[in-house]
Each structure stands twice: as C-alpha cells, then as structure tokens.
Amino acid sequence: MGTGNLPPYSDRRKRLRESVARGWLLLYQGGEYFNENLYYLTGVDAFHTFALISLESSFEVLVTNPFQFHEIREGCTIEDIRAVPPREIAPTIIRMLSENSVSLLYTDYSFESRLPLPGELLDRMKKSMPGIRVEPLPAQLQRMRMIKDPTEISTIKRGIGV
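Residues numbered from 1 in each chain as written. Predicted model: local features only at pLDDT ≥ 70, side-chain atom pairs only at ≥ 80, totals over all residues. Heavy atoms only, no water.

Draft legend 1. Up close: the sheet that holds strand β3 (residues 60-64). Across the sheet, 6 strands lie side by side as β4-β3-β2-β1-β5-β6; this open sheet has mixed pairing. One side of each edge strand has no neighbouring strand; the edge strands of this open sheet are β4 (80-83) and β6 (133-135). Direction aside, neighbouring strands of the sheet carry axes that sit 20° apart on average. Where strand β2 (residues 49-54) meets β3, 4 bridges bridge the pair, whose relative direction is antiparallel. Counted as the bridge partner of Ile53 is Glu60 from β3. (Pairing = 2+ DSSP bridges. Helix = DSSP H or I, 4+ residues; strand = E, 2+ residues; numbered from the N terminus. Axes fitted to C-alpha atoms, helices over the stretch in contact; angles between N-to-C directions.)

Written out as structure tokens, the structure reads:
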C-alpha cells in the first residue's frame, strides 16, 4: 500500500486520520517492551520514544532518545524527529499537548493494554491540562492492524519460508 518502495507507514497514518478524523494519538515506548502500535504507524522500534500524531491535521512528530536519533531520522517517514533525553520525555509530551491545545487524546492507558502509558505521566498531563480527555486507542487502529497489507503479507511469508 506504500508509494513505490516507501514503507506503508505514511499511508497507514493517512488512513487512520481519514477514519477517525478527530483527536490526537500518543504512542509511547518506554525503557522496556516493543510497542507494536508505534511500529505499525511509524516503523520505529526505539526505547524512550513517542509519536504525537494529529488525527485532525497533518501534524506529526516523533521524539526519541539521543542515542538512536540519527538512525531513526534516516529511516522514518515522519519528517519532524527530535532528540530528547529520557528524563525530559514527560515534560516534552505535556508541552507539545499544551502548545497544540489538545483536548482529546487517544493512547494506551487502560488495564487491558499490554503497554500502558505510565500512570505518573497521565497524572501530570491531567494536572497540567485539566480539560484534556484521554481515551483508549481508537478501534479503527485495531481493525487496521487485523487486515494485513501487501507489505505485511510479504514479511510474514519470508518469515515462515513460503
């Protein structure tokens, strides 16, 4: 589904914007565990990284640790990539949400989530932005991930030797 030889990540973000059309998406990978939603939409698997993606406009930013910044910058389809030390991630997220007047935020935070956003970060966001509404990731993202695009099918076939 990607354009030419480009990975399909930009197309996936575009399809998600078209299907949801409101709010913002925050995907976060801390110091542990792979975040499959972050990877599905950006192609990035890096610790201490987050993507903030508007579902109402073309705004999207990826913030990562300084150690992997150059590697990620070369391969990511998001143009605005910034390096931030891990201890600055929470203040950076809160500042960006505030600067963009985010009122509806979709993120991993529920008990059912395999990779929930840290509770401390949620508390700090709600304290700094009392009007923000935080909701679980949109169902459209989960439906998109269930239906494999040609790139994913090719990867699966290579992985199982077909």
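Anyway, onward from the coordinates.
Draft legend 2. Fine view of the pairing of strand β5 (residues 104-107). Side chains of β5 alternate between two faces, with Leu104 and Tyr106 and Leu105 and Thr107 buried alike. Sheet analysis places strand β1 (residues 24-29) next to β5, joined by 3 bridges and oriented parallel. The residue bridging Leu26 from the neighbouring strand is Thr107, located in β5. The pairing of β5 with β6 spans 3 bridges and is parallel. Each residue of the ladder has a partner; that of Leu105, found in β6, is Val134. (Buried < 20%, exposed > 50% of the residue type's maximum accessible area, 1.4 Å probe, protein only.)

Draft legend 3. Region of the structure containing the packing of aromatic side chains. Evaluated as defined, the whole model comprises 3 aromatic pairs. Aromatic side chains Tyr9 and Tyr39 sit 6.0 Å apart centroid to centroid with 75° between the ring planes, which places their arrangement in the edge-to-face category. Here Tyr9, found in helix α1 (residues 9-20), pairs with Tyr39, found in helix α2 (residues 36-42); they are 30 residues apart in sequence, far enough to count as distant. On the basis of relative accessible area, Tyr9 is assigned to the buried category, the value being 12%. Judged by relative accessible area, which is 33%, Tyr39 ranks as partly exposed. Taking 5.3 Å as the distance between ring centres and 55° as the angle between the ring planes, the aromatic pair formed by Trp24 and Phe59 counts as tilted. A residue pair is termed long-range when its members are at least 10 positions apart, and Trp24 in strand β1 and Phe59 in the loop between β2 and β3 qualify at 35 residues. Cluster of aromatic residues (ring-pair linked, three or more members): Tyr9, Phe34 and Tyr39. Sitting above the plane of the Tyr40 ring, Arg12 keeps its charged end 4.1 Å from the centroid. The ring of Tyr40 has Arg145 sitting right over it, with the charged end atom 6.0 Å from the ring centre. (Phe/Tyr/Trp six-rings, centres within 6.5 Å; stacked < 30°, edge-to-face > 60°. Lys NZ or Arg CZ within 6 Å of the ring centre and 35° of its normal.)

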